[in-house]
Amino acid sequence: MNEESRWRSLALDLLTLAVLALVLLPIIWVFIASIRPDADIMTRSLIPTRITFDHFANIFSRGDFLVALRNSLLVGGIVAVCTVLIAVPAAYSLSRFTYLGRDFIGFLILATQMLPAVAVLVPIVVIIRSLGMANTLTALTFTHLALGLPIAVWMLKGYIDAVPRELEEASIIDGSSQLGAMFRITLPLIRPAVVAVGTFAFVLSWGEFILALALITSAEVKTLPLALQTLFDPYSFSWGVVMAGGVVIAAPTILLFLLFRNQLVGGLTAGGIKG
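Residue positions are given per chain, counting from 1 as you read along its sequence in written order. In keeping with the model being predicted, local features are shown solely for residues with a pLDDT of at least 70 and side-chain atom pairs are shown and tallied solely at 80 or more, while totals for entire chains, interfaces and linings include all residues. Side-chain measures here rest on the full set of heavy atoms in the structure, leaving out hydrogens and waters.

1. What about the overall build of the chain?
Here is the rule we go by: Helix and strand assignments come from DSSP, with helices taken as H or I runs of at least 4 residues and strands as E runs of at least 2, each series counted from the N terminus. Throughout, exposure labels follow a simple rule: accessible area from a 1.4 Å probe, protein chains only, divided by the maximum for the residue type, with under 20% read as buried, over 50% as exposed, and the rest as partly exposed. Whether two residues are in contact is decided by their heavy atoms: any pair within 4.5 Å suffices. Note that accessible areas follow from Shrake-Rupley with a 1.4 Å probe, and for residues the cover is restricted to the protein chains shown. Under this rule, positive means Lys or Arg and negative means Asp or Glu; His and the chain ends count for nothing. Think of each charge as sitting on NZ of Lys, CZ of Arg, CG of Asp or CD of Glu.
Each helix and strand counted, the chain has 14 helices and zero strands in total. Listed N to C, the secondary structure of the chain is α-α-α-α-α-α-α-α-α-α-α-α-α-α in terms of helices and strands. Seen through its C-alpha atoms, the chain measures out along the principal axes to roughly 70 × 70 × 35 Å. Scored against the burial criterion, the 275 residues of the chain give a buried share of 35%. For the chain, restricting intrachain contacts to residue pairs at least 6 apart in sequence, the fraction spanning at least 24 positions comes to 69%. A total accessible area of about 16100 Å² is found for the chain, and carbon and sulfur atoms account for 72% of it. Mean positive and mean negative side-chain charge positions of the chain (17 and 16 charges, respectively) differ by 1 Å.

2. Some remarks on helix H6 (residues 121-130)
Inclusion rule: Note: the arc covers the axis-to-C-beta directions of the helix.
Looking only at H6, the buried set comprises Leu121, Ile124, Val125 and Ile128. Buried residues in H6, looked at end-on, bunch into an arc of 95°, giving them a common side. With respect to the buried face of H6, the exposed residues turned more than 90 degrees away are Val122, Val126 and Ser130. Considering only its buried residues, H6 is in contact with helix H7 (137-162) and helix H11 (210-215).

Note that all results are geometric; they support no functional claim without further evidence.
What follows is the structure in structure tokens.
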């Protein structure tokens, strides 16, 4: 049985490595292609013969791309902060308080995730235009916030449910209010989940393309995914510039994971153990 277990473990490891290679190969190719000359990109080799950073210089010399970078950072940052500020008390209310309609509200929050964003695209565009907010970062921010907030509330509610109520009750007995118990007891314990929700909200807003394409047409309010689309110029197309743009879009996501990997992994494993 030990010998059989070792072979089974080896087979699973090889299968995992094969799947990982299939997933990572396109991503690695994008990073490598971003520092290769255009003529070198078209070869079949993954190993570059010459390294150049001209593609990144080209990207950051474009005024429209820098404006789009600023817009994406602004929208993504606001969405992440507002998601955390709204989702934490909302999830705490659903988890700790008992009031009429609480279960129905929780069901509505969960039900919003049953429909993909594309299904509500037309109503959102109609509402935004009727309010006179088309081609504004405000409309895009509210839209991203509305689409990402329900799943953030539901995720945080699961973590708060796993925190023993006795800890808060002990704090209240010592003279703390319910709100004080939330900030002093519950919030520090669910910090990995809060970080994960904020990161998720930023990444969701940062890379969102369909809604941005439907709501934004003016160059001064375009986000990075829309700016990347403009790099596909039929008259002066460069694979290296496009790949460099893809790296710029992917970089914040990778950086956030590296900065908060302990909190992200800790939040996921804690949720798995408590569940």
